[in-house]
Structure formats: C-alpha cells, structure tokens
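Per-entry structural report
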Amino acid sequence: MITLTKKEIMFIGFMLFSMLFGAGNLIFPAYLGQAAGENIWQAVIGFIISDAGFAVLAFIAIAKAGTFDSLINRVHPIFALLFPMAIYLSIGPGLAIPRAGSLAFEMGVKPFLPGTIQSSPFGLLVYTIVFFSIVFWFAKSPSKLVDRFGKILTPSLLVLIIIVFIKSLFTDLSSFKGATLAYKENPFSQGFLDGYQTMDAIGALIYGIVFINIFKSKKISNQKLQVKYLACFGLICGLLLTICYLIIAYLGASTSIIGNVDNGAVILSTVLQQLFGQSGTIVLGLIFTLACLSVCIGLITSCAQYFSSIFPKLSYIKWAILLCLVSGFVANLGLSQILKVSIPVLGLLYPMAITLIILGLLHDRLPFNNRPVYVVTIGLVGLFSLIDVANSTFFNGTFSEVLSYVPMQDKGFGWVIPGLIGFTIGSIFEKLTYSKVTSVKKAA
C-alpha cells in the first residue's frame, strides 16, 4: 500500500497553512491585539477557535464524509449547487483574492513609490498585472504546489514572522493598554466573530478538492488513509496558524499608537518601524507579499479546479486565466470597496458553514435518514442569518430591537438558537417518520 512519508505530510501541512494564511490573517489579529489590550488572551482564544479551530474541524468533517460534495449533498441537491458556488465566488474572484491583491500592493509596494504614483490608479494596475501573472505561473501546475509551497513560500513566511517576534522580545515595547470597543465587554465573542474575516473555515471546506487531486497524483486510494492524512494536514496547519496569531496579536497589543486606528495594517506598520526602523517597511512588505501571494495561488487553484469540474467546456488552465483576470479587475476597484462587502457576505455564509461542519462531525450520531436534520437545521440558520444581514445592510438596523429578543444576538450568535430549534425539529420529524415506516412494514 502506497503511503506518504513524514516529510511529505509535513510539507503538505505547510502547503495548507500557506493556502489559508493571507493578508486577513495578518491584519485582523493585529487589530484584535491593539483593541483588546489587556483582554488580548480571551479575544485571541476566540479568534483561534473560529479560525484555526474550525478550519481543522472542517478538514476532519470532509475527511469523514469522503469529499466536500458528499457532505453538502446530505442537505439538498439545490443547496449542494448554490452553497459551494457562493463560497467559491466570495473567497475567489469576488472578495478574498482581490482583497489579497490590493493589500499586497498597499503594504508591499505602495510605501516605496513616489507620491504622484501612490495616488494614481496606474500603480495598482501595473502591480496587479505582475502579481496575478506570478499567481498564474504557480497555479498552472497544481501537482507542483506541494514543492513550491512547502519548500519555498511557507518556510520563508514563517522565518520572517519568527524574526519579528524574536526582535520584539529584545525590544522595549509598550505595555498592554485597556480594552476598547466590544473587547471590553465581550472579548471572547468579539474575537470569535473577528475570526470570520479570515474566511479560513469556509476556505478549508473548499480546499478539499486540491487534496483529493494530490491523493490521486500520489496514487493513495485508501479512504481511511486519506482521512488520517487530512486530519494530520489540518492539525499541522492549525498549529502553525495558532502560533502566528499569538505572535501577531501580541505585537498588536504591544504597539504604542496615539488615537484609534481602524485596521491592522497600520498597526503592523507601526510596530515594525518601532522594531526595525525604516527597514521595517521592507520586512512588512515581504511578509504581506508572501502571505497574499500564497493565499491567492491556493484560491485560484481550488476555484479553477471547481469551475472546470462544473463547467468542463473551459479547461483548468483557461479557468485559471479567467479567474486571474477577473480578480485583477476587482482588485483595481480599491481595497475600501472590497472590505465593505466582506462583512455582510461572511455574516451570511459563516453560520451555515459552521453548522455544516458540526453536523458533519456528528453525522454518525444522527438519525438513520439524517437529511431532515440537515435541511431544517441549516435552513433555519441560513434564514436567520439572511434576516440579520438584511437588517444591518439594507434596513439600517430597523429590526434590531425585535432581533435583540433572540438569545445571544447581542454577542453575534443569534443564529445558534434557530440552529438548535432546527436540529430538534429535524430529529423529531425523522424519528416520527422512521417509526411510521417501521410500523407499516411490521403490519405488512
């Protein structure tokens, strides 16, 4: 029986980390650390659970189901078509890839450009052409991703982050200040909600297609072995993510900034200048460029593989080219426009993704014909999330008072109760249906 070596397992785990660790994984924990201050550890634990924790659980759920398709088809064929497409579009050319491309420019190149070019859209246009050309070069050969990620990009990124952390230990940085905003009252729950912004849990769900192809190329067909390997990849990735989040959040909390800032990029720029002087801008640029490049390659690869399987008239290469072109175009709309869209989209998708992961993990303990449980549970979670997002996005909070009666809504988890109600209704319905069928069979 063909198996992977320990070295191959480690490299593929590194590859998964690099595919998940993008710009959002840098700026959000940095902002969390600065805003949470003395409450940093409660907040970062919440962040780690919703990000690294659910990313690992997503891989285990997919491993237990066999494939992502098998998992989502337990709900309904229509859901199996629409939900993954929504995920691929949001974490692909519609949101995550352009966000990474824009941030790579903002933090990696823009600080070094003359003032006239900084304010001109021409600089971003040229950069995105070069950036997505490099992304396409890496993504055009998916079978070589393990070597390119595991041996080049991931170690380089980790070395840079560790160098920054070691330098911070020998530098007199500021002490933690008092918590601000929601981090003062609910640091854990706010940190948990911040973890949504990285999109890693939903990213882990759809990255399964990449690893299925890796198993095919390695001629590993034993499902139990695939489950074992997927769990190992997820754990390695989760450990690396956790280490990075603890370091970045600590750096954010240790940074002295006058006034309030609204994003983690400014915080990271400040702390690296405090640590390395003007050369800190170069270090930050390298970290952002490597992180954004890695995540874009992973997303283009998985999206191209997905769309070429759904719409096979276009080959994988053609889909990769198209996705790079669309992502580059959206990136040129500007970072602020992209970020405005992220909160409502993720507020809708994330609760359903978490629910799907939990049901996948509990699958063996669900009723025999578990489709009613999946349908009703995810249906009610999705409906409540849609109402909540519509209220905040289109109705300017008109129905907030009504929604506040739902337990845990004030902490951002109002969808949990509808989920539990759906789980109960689905289980009762299945039990009654099963009992009725059994009685009819006995009578016959």
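Whatever comes next refers back to the structure up there.
Residues numbered from 1 in each chain as written. Predicted model: local features only at pLDDT ≥ 70, side-chain atom pairs only at ≥ 80, totals over all residues. Heavy atoms only, no water.

**Notes on the overall build of the protein**
Rule in force here: Only runs of H or I of at least four residues qualify as helices and only runs of E of at least two qualify as strands under DSSP, and these elements are numbered from the N terminus. Only protein chains enter the area calculation, which uses a 1.4 Å probe; residues under 20% of their type maximum are buried, those over 50% are exposed, and those in between are partly exposed. Contact definition: two residues touch when any of their heavy atoms are within 4.5 Å. Here, Shrake-Rupley sampling with a 1.4 Å probe gives the accessible areas, and only protein chains in the shown set may cover a residue.
Check the secondary structure of the protein and you find 21 helices and 0 strands. Across the 444 residues of the protein, 52% fall into the buried class. At a minimum sequence separation of 6, the contacts of the protein that also span at least 24 residues come to 80%. Carbon and sulfur atoms provide 69% of the accessible area of the protein, an area that totals close to 19,800 Å².

**Some remarks on unusual backbone geometry**
Of note, the phi angle at methionine 199 is positive, near 65°, even though the residue is not glycine. Structurally, the position occupied by methionine 199 is in the loop between helix 11 (187-194) and helix 12 (200-206). For methionine 199, a relative accessible area of 4% translates into the label buried.

**Notes on the side chain of aspartate 200**
The cut-off we apply is this: His is not counted, nor are the chain ends; Lys and Arg add positive charge and Asp and Glu add negative charge. When a carboxyl oxygen of Asp or Glu lies within 4 Å of a side-chain nitrogen of Lys or Arg, that pair is called a salt bridge. For the purposes of these results, a polar contact is taken to be a pair of N or O atoms within 3.5 Å, where, inside protein, one atom must be able to donate a hydrogen and its partner to accept one; residues adjacent in sequence count only when each atom of the pair is a side-chain atom.
With respect to the element layout, aspartate 200 can be found in helix 12. Arginine 99 provides the closest opposite charge to the buried, unpaired aspartate 200, separated from it by 7.3 Å. Separated by 3.3 Å, the side chains of aspartate 200 and tyrosine 245 make a polar contact. With near-sequence residues (within four places) excluded, aspartate 200 lies in contact with Leu20, Asn25, Asp51, Ala55, Leu241, Tyr245 and Tyr350.

**What about the environment of leucine 57?**
Its location among the elements puts leucine 57 in helix 3 (residues 40-65). Its relative accessible area of 30% is what places leucine 57 among the partly exposed residues. C-alpha of leucine 57 to C-alpha of isoleucine 358: the two residues are 301 residues apart in sequence and 8.1 Å apart in space. When near neighbours in sequence (up to four residues on either side) are disregarded, leucine 57 contacts Ile357 and Leu361.

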